[in-house]
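Descriptive analysis of the structure
The chain contents come next:
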Amino acid sequence: MALHKVLVSERIADEGIALLKQHVDLDYQEKITREELLEVIGNYDALVVRSVTQVDEELVSRAPKLKVVGRAGNGVDNINIPVCTRYGIVVVNTPDSNTVSAAEQTIALLLASIRNLPWANSTLKGGSWDRKPFRGMELYGKTVGIVGLGRIGSMVAMRLRSFNMEVIAYDPYITDERFERFGVRKVDKLEDIARLSDIITVHTPRNEETMHMLDEKFFALAKDGVRVVNCARGGIIKESVLLAGIKSGKIGSAGLDVYETEPAIGNPLFEFNNVVCTNEEIGRASCRERV
């Protein structure tokens, strides 16, 4: 019996590749272009992607053999599930694969941005001995607002409680018991996160409901100098509003590893010292060990 043909279109762990090769006819092309993918996808029974490959109707309409699309990571916003369903294609993901890495990356970007660490590092290494521009913010006694108290959001909550912060969260889909379990105060309205928080971090999928969830109206209610972190998906925080807030000082700092347009080359947010940026692949490289 012939083995099923599987295409992996993005980088995954070597251990994952070795495991797949034991069971399927594997074609590993992490640098395949969109045009090349459209040409060859008709030959495969399954496709494994991460966050870059767009699995849309243009792609699946050219894949009569395709039975499964697997997302090696959390979230499926680059996969059009209704289209796949219509074509009889099963969509699966690995929701726990990068939970710890994403939570730790959130804490890293938060601390780096509120303490101006990358800016201070480059200034000192550039030959300047000056501490005045780099005055940071303490987490102790501050209120952090978490949007989305799922796997990653709850891990972030536990870690930030260890800084003696007050942790509040908005998530209408999570039970009260979960809030109690993680020592988080529930707020009933997203606007309460804006009004009460010194720091805001988002941990939701990107969909029609959450796209631009944190927009002009949200930040108009926020404290002056609020700090924000987005290690979830680009676009949950409306990027034009984030940029305007950084310019005006309404937003005191930002830590980001996701963007509305990716690859994010020449993003205007990169011009600001109080915006600390990586990309998801760099920042969460360790999650590959579990994929």
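Since this is a predicted model, take the numbers as computed values, not measurements.

**Some points on the overall build of the protein chain**
A tally of regular secondary structure across the protein chain gives 12 helices and 12 strands. For 291 residues, the compact-globule estimate of 2.2 N^0.38 gives 19 Å, and the C-alpha radius of gyration of the protein chain, at 21 Å, lies within 12% of that figure. Judged by the C-alpha coordinates and their principal axes, the protein chain covers about 65 × 50 × 30 Å. Here the protein chain holds 291 residues, and the buried ones make up 47% of them. Once local pairs closer than 6 in sequence are excluded, the contacts in the protein chain between residues at least 24 apart make up 55%. For the protein chain, the accessible surface area stands at approximately 14800 Å², while carbon and sulfur atoms represent 52% of it. Taken together, the 37 basic and 40 acidic charged side chains of the protein chain have centroids lying 5 Å from each other.

**Concerning the packing of aromatic side chains**
The way to describe two aromatic rings as a pair is by their centre distance and the angle between their planes. Evaluated as defined, the whole model comprises 3 aromatic pairs. Plain terms: the ring middles of Phe-218 and Phe-219 are 5.2 Å apart, the flat faces sit at 85° to each other, and that makes the pair edge-to-face.

**So, helix α11 (residues 239-248)**
All buried positions along α11 are accounted for by Glu-239, Val-241, Leu-242, Leu-243, Gly-245 and Ile-246. Elements in contact with the buried residues of α11: α10 (216-220), β10 (226-230), β11 (251-256) and β12 (275-277). Residue Gly-249 follows α11 closely and has a positive phi angle near 90°.

**Topic: the sheet that holds β12**
Whether parallel or antiparallel, the strands of a sheet pair through hydrogen bonds between backbone atoms. Read from one edge to the other, the open sheet built from 7 strands follows the order β8-β7-β6-β9-β10-β11-β12, with strand pairing classed as parallel. This sheet does not close on itself; its edge strands, each paired only once, are β8 (185-186) and β12. As judged from the 2 bridges shared by strand β7 (residues 166-170) and β8, these two strands associate in the parallel manner. Its bridge partner lying in β8, Ile-168 is registered against Arg-185. On the sheet, helix α5 (residues 99-114) packs against β9 (199-202), β10, β11 and β12 and is oriented at approximately 145° with respect to β11. Sitting on the sheet, α11 is in contact with β10, β11 and β12, with an inclination near 135° to β11.

**A short note on the side chain of Thr-210**
By secondary structure assignment, the location of Thr-210 is in the loop between β9 and α10. Among the residues examined, Thr-210 registers a relative accessible area of 6% and is labelled buried. Looking at Thr-210, its side chain comes within polar contact range of the main-chain oxygen of Pro-205, at 2.6 Å. In contact with Thr-210, not counting residues within four places along its chain, are Thr-204, Pro-205, Gly-235 and Ile-236.

**A look at the side chain of Thr-201**
With respect to the secondary-structure elements, Thr-201 resides in strand β9. Since its relative accessible area comes to 2%, Thr-201 is described here as buried. At a separation of 2.7 Å, a polar atom in the side chain of Thr-201 contacts the side chain of His-203. What Thr-201 contacts, discounting residues up to four positions off in sequence, is Thr-106, Val-144, Gly-145, Ile-146, Val-147, Val-156 and Val-229.

**Quick word on the environment of Val-147**
Along the polypeptide, Val-147 turns up in strand β6 (residues 143-147). On the basis of relative accessible area, Val-147 is assigned to the buried category, the value being 1%. Once the C-alpha coordinates of Val-147 and Met-213 are considered, the two residues, 66 residues apart in sequence, prove to be 9.8 Å apart. Apart from residues no more than four positions distant in its own chain, Val-147 is found in contact with Tyr-170, Leu-190, Ile-193, Ile-200, Thr-201, Val-202, His-203, Thr-204 and Met-213.

**Structural notes on a nonpolar patch on the surface**
Residues Val-68, Val-90 and Val-92 make up a contiguous nonpolar surface patch of about 200 Å² in total accessible area. Checked against the element boundaries, Val-68 lands in strand β4 (residues 68-71).

**Overview of the confidence of the model for the protein chain**
The predicted coordinates should not be examined in detail at positions where pLDDT is low. The predicted model of the protein chain has a mean per-residue pLDDT of 92, with 95% of residues at 70 or higher. A low-confidence stretch, residues 286-291 (pLDDT under 50), is modelled with 19 contacts involving residues beyond four sequence positions or located in other chains.

**Digging into the nonpolar core**
Counting residues in each nonpolar core, the largest one holds 30 residues, and the members touching the most others are Ile-193, Ile-200, Leu-214, Phe-218, Phe-219, Val-228 and Leu-242. Take this core: its biggest share by element is 4 residues, from α11. Beyond its immediate stretch of four places on either side in the chain, Ile-193 contacts Gly-145, Ile-146, Val-147, Ile-168, Ala-169, Tyr-170, Val-187, Ile-200 and Phe-218. Counting residues in hydrophobic clusters, the runner-up holds 27 residues, among them Val-144, Leu-160, Ile-174 and Ile-199.

About the criteria used
- Residues numbered from 1 in each chain as written.
- Predicted model: local features only at pLDDT ≥ 70, side-chain atom pairs only at ≥ 80, totals over all residues.
- Heavy atoms only, no water.
- Helix = DSSP H or I, 4+ residues; strand = E, 2+ residues; numbered from the N terminus.
- Rg over C-alpha atoms; globule rule 2.2 N^0.38 Å.
- Buried < 20%, exposed > 50% of the residue type's maximum accessible area, 1.4 Å probe, protein only.
- Contact = heavy atoms within 4.5 Å.
- Areas by Shrake-Rupley, 256 points an atom, 1.4 Å probe, with all protein chains shown as cover.
- Lys, Arg positive; Asp, Glu negative; His and termini not counted.
- Charge placed at Lys NZ, Arg CZ, Asp CG, Glu CD.
- Phe/Tyr/Trp six-rings, centres within 6.5 Å; stacked < 30°, edge-to-face > 60°.
- Pairing = 2+ DSSP bridges.
- Axes fitted to C-alpha atoms, helices over the stretch in contact; angles between N-to-C directions.
- Polar contact = N/O pair within 3.5 Å; in protein donor to acceptor, adjacent residues only side chain to side chain.
- Patch = residues over 30% accessible without salt bridge, like charges linked within 9 Å, V, L, I, M, F, W, Y side chains within 5 Å.
- Salt bridge = Lys/Arg side-chain N within 4 Å of Asp/Glu carboxyl O.
- pLDDT = per-residue confidence, 0-100.
- Core = buried A, V, L, I, M, F, W, Y, C linked by side-chain atoms within 4.5 Å.

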